[in-house]
Each structure stands twice: as structure tokens, then as C-alpha cells.
Amino acid sequence: MDATPSPPRVPAGTVLQLAKEDWRYGGFTLFLRVESVRDDLSSYYDDDWIWVSGQQLARDGTPLGQLDALVRVSALPRPGIDPPS
């Protein structure tokens, strides 16, 4: 019996800095203030990618608008393992 992976727990308000290879379709470093993370890992993406919704930020923190990003699961912080940023 295969266990379904647990989705990452990324609290709303967390600011992610994602390298261009850690999110799809952008081609640049993304700063994203998390509003929500889909509560399922998509089998369509082999459980390696997950949708994150939030506010895109400029490097100085200026809000640039709402963005839904397909993010590499391994790029997300893991509470208790990764240090807070």
C-alpha cells in the first residue's frame, strides 16, 4: 500500500524566495507572500509540484499583484527542519 505524501504546511504570510528553477512559467526569481497552498499534491505533477497562491512582491517588498505559482515542493520550507527566514 502506497502512502500519499502530506502536503507541505506553509503558513499564510510566509514570504518565499523562489529561484527561477523552483517555480514554473516565470523565468525569474519570485518573491511571494503566501496566502494559501493547495491541500493536495497533484499526481499530475508526480507529487513534485504544488500550487501556491499569494501576493507577488518586488525585492523591496512592494506588492505587485496576485499570483498563482506552480512551485517545486522541495523548495518550500519544512517547519522544524528549515530555519525561519
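About the criteria used
- Residues numbered from 1 in each chain as written.
- Predicted model: local features only at pLDDT ≥ 70, side-chain atom pairs only at ≥ 80, totals over all residues.
- Heavy atoms only, no water.
- Helix = DSSP H or I, 4+ residues; strand = E, 2+ residues; numbered from the N terminus.
- Buried < 20%, exposed > 50% of the residue type's maximum accessible area, 1.4 Å probe, protein only.
- Pairing = 2+ DSSP bridges.
- Axes fitted to C-alpha atoms, helices over the stretch in contact; angles between N-to-C directions.
- Salt bridge = Lys/Arg side-chain N within 4 Å of Asp/Glu carboxyl O.

*Asks:* Help me out: how do you make sense of the environment of leucine 76 in this one?
*Replies:* Structurally, leucine 76 is set in the segment after strand E4 (63–72). For leucine 76, a relative accessible area of 1% gives the class buried. C-alpha separation for the pair leucine 76 and valine 10, spaced 66 residues apart in sequence, amounts to 7.5 Å.

*Asks:* Honestly, the sheet that holds strand E1 (residues 15–18) in this entry has me stumped. Any pointers?
*Replies:* Strand pairing in a sheet relies on backbone hydrogen bonds, with the paired strands running either antiparallel or parallel. Sheet architecture is open: 4 strands sit in the order E1-E2-E3-E4, paired in antiparallel fashion. The outermost strands of the open sheet, each flanked by one partner alone, are E1 and E4. Sheet twist, expressed as the average angle between the axes of neighbouring strands with direction ignored, equals 45°. Bridging between E1 and strand E2 (residues 30–37) involves 4 bridges; their strand directions are antiparallel. Each residue of the ladder has a partner; that of leucine 18, found in E2, is leucine 30.

*Asks:* Just to check I follow, could you spell out the pattern of salt bridges for this structure?
*Replies:* Within the structure shown, the criterion is met by 1 salt bridge. Measuring nitrogen to oxygen at the nearest pair gives 3.1 Å for the salt bridge that ties arginine 72 to aspartate 22. Note that arginine 72 is positioned in strand E4 and aspartate 22 in the loop between E1 and E2, a separation of 50 residues in sequence. For aspartate 22, a relative accessible area of 18% corresponds to the buried category.

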